[in-house]
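One-letter residues, chain by chain:
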Amino acid sequence: MDKLTPSQWKVVNKPYEPESTLKVIAGPGSGKTLTLLYKVLHLVTVENIKPEEILIFSLTNKAVDSIIENLLSIFEDSHTNKEIVRQIGCYTVHGLANRIVVENEGMINIIEEIGWRGLMKLLPPSKRTPHHFRSYKELEKVVKDYKLNSARNKNPVIEKLVELMDNCKVMTNDDLIIRAKKYLELDCSHSDASSSFTQDLQEKYKVVLIDEFQDLYPSLAPLITTICKGKQLIMFGDTNQSIYGFLGSNSEIMSQLDNLHPKNSTTVLKLFDNFRSTPEIISLASKIINLPLAEKQVIDGTDETPSELVRKLPSGVLPQIVTFDDLAAESEFIVDKITQLICSSAKFSDIAILSRTNSHLTTLANILKKYGIPYQKLKSQPDWMDDLRIQFLLDILKVCSLASDEKHDRGFNTSDKWQSNFSILVTMSALKGIGDASIQALYKACSLKNLSIWKYLTIVPNFEWPLGLSIKKKIENYTSNLYEMIEDDQIHQLDDPMELLEKVSGIANNLNLNPTYSQALGDPQSSLEFKTHLQEMAQVMKVSKSNKPPGISFVKWFLETYFDQTMVFHQAKQALQTTGPGTIKLSTIHSAKGLEFPIVFLTNGTMSNFPMDTNALYVGMTRARNLLYMCNMKHQRLVSKSPPYSRNIMSNNSFWAYYNKDMNRSAFGAEMAHDHNIQRYNQLRKKFGFYRAYSSLKGCKSIFRRI
């Protein structure tokens, strides 16, 4: 506890009180996570709250991963049994909702891009003109609006799509939250099961901690408020870092949470310290937020707000703010600065490039690739789960599992007996030559005979199918490839992950996928990415196999839990990371939320005509610990200038001594190597001609292999 500041200790030491709220205002770098961790330790070791009575929420997988990892360290340091941590509930909101719904309904489908594209195939042509749904994103929006206002927005076409989604247990993330709330409101006290996850949420937990409350949005309110009723609610966050306004007003859900318990049972505290960023970065970031120093806030029943305490000494280097006329100039500025940093004391892994849009990051990634600079994109979920080819394999597994259950009258209710229909439509839509009209004709024929698609294809003679000869052959090829897995129930008998993956990969290989899926396989780089993603899927399947309970087939367990299993795999992978130069991190500002980096390049893109949103800019700036470069911000409180040529950062020995101390690295020999670093940088600069037009650079791929 001697690691805590007075404001942190005040939060940790606040006594447990049932049906109360503790709201902690915690700015960037204030030690929020550390305070949350010690609060959990204090609840267990001092307040005698059992670990299984504590529930922690966050919005992202990486935040949950970080909390679990650091809890293990905190409990180990306190000489407390680390097994206690495994009894604490720590989930993303959607991960918890998914677990509730799966426990009560079995396998479900959370609709992704490939699913929306499949639904597009069922729309009649008149609904797919440029005046209607030009993309699956537009269809997604219309379906969501219809679900919210079905009585007002009567649309028979959308009504049919929603009916299909309901019958096949296809849900949006919003549906998942609403469905989970419904199960929490049911009385589980008379359930046959001695204990269930849903019942535990209703009865067992005493304390709920919410990390980053400013990231919550209205559609999450039904579930979160239901869970928090009758418990102590502890929230950490900072409204200045609220950047998800496009999902709805954060103030709306915060109003509900603030009023969940009586006012006399609500306490507001603030963490005033900043441990992360240099005073130079914090000073500029504070001007962006523009909170007057004289402004007072009601904290813990008083109207006095102590000044911010920046715990780091000045670095002597101000943030650099620059403007460029074109992408070539911006990209070469970034590459030149990276060269200077790497020729000094920085590693690639110290550096992050943050942007507002994924498209700009993709452009910068291509530029880094041409220079041979190693990089890694940070995303909200692992790359393998976003790969359309992997999604196709998962959908084939779902077809086989669900259709086999239907075939053998196993584990389904009358209301969801055709749950396989959605996955069949999605996978058929991915096949080359099977167009919208064929999909619609087949689906209509099945509906008229009141049969599932799979049953229709296996019991109705093909001469009755309302399809052309060439389409019939493609459908027959599809059916024959899946036949043994479904009809002979092989899908539930295969218990070896590699055997199952080999089998489903063979099926996919025998199907003629359309160019969206198959053309990328001809590209060497794309093929390598697919191989990597397939290996990651295999590893997650092995993790799933290792913790599969008895009484359930492996494929069913994997399909119901692979989101959770991916987290387990990711934690194991993190533990095996090795040291070395690492990679530069590329991320949107939204995905970088909650992270920090020694050096940050924050860019708005040269083509953007819009200023950076104030909160997004504040979040991006405060990701930086020691060095901050800002390109094309176009913000009213920032003064940009064209960048002069400078290598002062390489000559600044005092800064690099400061930097190495902050990074807990030895500075031995750094000053002696200074002249050599300058010489090496000048050689690279001369050889590859920084500040020439990027388009003129040829053969530069080996630049950083020489460093």
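Residues numbered from 1 in each chain as written. Predicted model: local features only at pLDDT ≥ 70, side-chain atom pairs only at ≥ 80, totals over all residues. Heavy atoms only, no water.

1. A look at the overall build of the chain
And then number 1: Each helix and strand counted, the chain has 29 helices and 16 strands in total.
And then number 2: Here the chain holds 707 residues, and 52% of them are scored as buried.
And then number 3: If you take every contact in the chain between residues at least 6 apart in sequence, the share linking residues at least 24 apart comes to 78%.
And then number 4: As displayed, the chain has an accessible area near 32,500 Å², and 51% of this comes from carbon and sulfur atoms. (Helix = DSSP H or I, 4+ residues; strand = E, 2+ residues; numbered from the N terminus. Buried < 20%, exposed > 50% of the residue type's maximum accessible area, 1.4 Å probe, protein only. Contact = heavy atoms within 4.5 Å. Areas by Shrake-Rupley, 256 points an atom, 1.4 Å probe, with all protein chains shown as cover.)

2. A few points about the packing of helix α5 (residues 113-120) against helix α6 (residues 136-148)
And then number 1: Relative orientation of the contacting elements α5 and α6 amounts to 85 degrees, with a least axis distance of 9 Å. Comparing the axis directions of α5 and α6 gives the class roughly perpendicular. Of the residues in α6, those touching α5 at E113, W116, R117, L119 and M120 are Y136, L139, E140 and V143.
And then number 2: Tallied by class, the residues present in the contact of α5 with α6 amount to six nonpolar, no polar and three charged. (Axes fitted to C-alpha atoms, helices over the stretch in contact; angles between N-to-C directions. Parallel < 35°, antiparallel > 145°, perpendicular 65-115°, else oblique. Nonpolar A, V, L, I, M, F, W, Y, C, P; charged D, E, K, R; others polar.)

3. Some words on the packing of aromatic side chains
And then number 1: One pass over the full model with this rule turns up eleven aromatic pairs.
And then number 2: Considering the side-chain rings of Y91 and F197, the 5.5 Å spacing of their centres and the 70 degrees angle between planes classify their relative orientation as edge-to-face. One end of the pair, Y91, is in strand β3 (residues 89-92); the other, F197, is in helix α9 (residues 197-203), and 106 residues separate them in sequence. Across the pair, F197 and Y91 agree in class, each one buried.
And then number 3: Chaining the aromatic ring pairs together yields one cluster made of F324, F333, F601 and Y629.
And then number 4: Between the NZ or CZ atom of K182 and the centre of the ring of Y183, over which it lies, the distance is 4.6 Å. (Phe/Tyr/Trp six-rings, centres within 6.5 Å; stacked < 30°, edge-to-face > 60°. Lys NZ or Arg CZ within 6 Å of the ring centre and 35° of its normal.)

4. Points about the pairing of strand β2 (residues 54-58)
Regular strands place their side chains on alternate faces of the sheet.
And then number 1: Of all five residues in β2, five are buried; the element is thus mostly enclosed.
And then number 2: The alternating pattern of β2 places I54, I56 and S58 on one face and L55 and F57 on the opposite face, and all of these are buried.
And then number 3: Across four bridges, the pairing between β2 and strand β6 (residues 207-211) is parallel. Each bridged residue has a counterpart across the sheet, and for F57 the counterpart in β6 is I210.
And then number 4: Here β2 pairs with β3 via four bridges, running parallel. Its bridge partner lying in β3, S58 is registered against T92. (Pairing = 2+ DSSP bridges.)

5. What about the sheet that holds β2?
And then number 1: Spatial ordering of the open sheet is given by β3-β2-β6-β7-β1-β8, a layout of six strands whose pairing is parallel. Each edge of the open sheet is held by one strand with a lone partner, namely β3 and β8 (266-271). Each strand of the sheet is rotated relative to its neighbour by a mean of 15 degrees, with strand direction disregarded.
And then number 2: Strands in contact with helix α3 (residues 61-77) are β2, β3 and β6; relative to β3, the strand with the most contacts, it is inclined by about 160 degrees.

6. Observations concerning the packing of helix α13 (residues 327-342) against helix α14 (residues 358-371)
And then number 1: At their nearest, the axes of α13 and α14 sit 11 Å apart, and the two run at 55 degrees to each other. Judged by the angle between their axes, α13 and α14 are oblique. Considering the relative orientation of α13 and α14, their crossing is right-handed. Side by side, α13 and α14 meet where L327, E330, S331, E332, I334, V335 and I338 of the first sit next to H360, T363, L364, I367, L368 and Y371 of the second.
And then number 2: Classifying every residue of the contact of α13 with α14 by side-chain character gives eight nonpolar, three polar and two charged. (Left-handed = near helix turned anticlockwise from the far one by under 90°.)

7. Overview of the sheet that holds strand β11 (residues 320-322)
And then number 1: Read from one edge of the open sheet, six strands run β11-β16-β15-β12-β14-β13, paired in parallel fashion. Two strands close off the open sheet at either side, each with one partner strand: β11 and β13 (375-377). Between one strand and the next, the sheet's axes are offset by a mean angle of 20 degrees, whatever the strand orientation.
And then number 2: Sitting on the sheet, helix α12 (residues 279-289) touches β11 and β16 (624-631), and the angle it makes with β16 is about 50 degrees.

8. Points about the confidence of the model for the chain
And then number 1: This prediction gives the chain a mean pLDDT of 82; 81% of its residues lie at or above 70.
And then number 2: Counting interchain partners and residues more than four positions distant, the pLDDT-below-50 stretch residues 292-307 has 22 contacts. (pLDDT = per-residue confidence, 0-100.)

9. A look at the environment of D258
And then number 1: Assignment of secondary structure puts D258 in helix α11 (residues 250-258).
And then number 2: The class for D258 is partly exposed, based on a relative accessible area of 21%.
And then number 3: For the pair formed by D258 and L233, sequence separation is 25 residues and the distance between their alpha carbons is 9.8 Å.
And then number 4: Ignoring sequence-local partners within four residues, the contact set of D258 consists of K23, M235, K263 and T266.
And then number 5: Looking at D258, its side chain comes within polar contact range of the side chain of K23, at 3.4 Å. (Polar contact = N/O pair within 3.5 Å; in protein donor to acceptor, adjacent residues only side chain to side chain.)

10. Quick word on the environment of A26
And then number 1: Summarising the element assignment, A26 is placed in strand β1 (residues 21-26).
And then number 2: Taking the C-alpha atoms as reference points, A26 and L271, 245 residues apart in sequence, are found 5.2 Å from one another.
And then number 3: With sequence-adjacent residues up to four places away left out, A26 is seen in contact with K32, G237, D238, Q241 and L271.

11. A word on helix α17 (residues 420-429)
And then number 1: For α17, a buried count of ten out of ten residues is recorded, marking the element as mostly surrounded by other parts of the structure.
And then number 2: For α17, the complete set of buried residues consists of S420, N421, F422, S423, I424, L425, V426, T427, M428 and S429.

12. Re the pairing of strand β15 (residues 597-603)
And then number 1: β15 sits mainly inside the fold: seven of its seven residues count as buried.
And then number 2: In the sheet, strand β12 (residues 351-355) pairs with β15 via five bridges, with the strands oriented parallel. Paired with L354 across the bridge in β15 is L602.

13. Quick notes on the side chain of E560
And then number 1: Looking at where E560 falls in the secondary structure, it is placed in helix α25 (residues 554-575).
And then number 2: Buried E560, no salt bridge; nearest opposite-charge side chain is K556, N-O distance 5.1 Å.
And then number 3: Among residues more than four places away in sequence, those in contact with E560 are N98, V102, G106, M107 and I552. (Lys, Arg positive; Asp, Glu negative; His and termini not counted. Salt bridge = Lys/Arg side-chain N within 4 Å of Asp/Glu carboxyl O.)

14. Description of the pattern of salt bridges
And then number 1: Scanning all chains against the criterion turns up 22 salt bridges.
And then number 2: As a salt-bridge pair, K141 and D145 come within 3.1 Å of each other at their nearest N and O atoms. Here the residue K141 and the residue D145 both occupy positions in helix α6, the gap between them amounting to four residues, near one helical turn.
And then number 3: What makes K141 exposed here is its relative accessible area of 54%.
And then number 4: Here D175 and K147 are joined by a salt bridge, their closest N and O atoms 2.5 Å apart.

15. Considering the nonpolar core
And then number 1: Core analysis: the largest hydrophobic core is formed by 78 residues, its most contacted members being L119, M537 and F558.
And then number 2: For this core, the element with the highest residue contribution is helix α16 (residues 388-407), accounting for eleven residues.
And then number 3: Discounting residues that sit within four places of it in the chain, L119 has contacts with I111, L139, L161, L164, M165 and F422. (Core = buried A, V, L, I, M, F, W, Y, C linked by side-chain atoms within 4.5 Å.)

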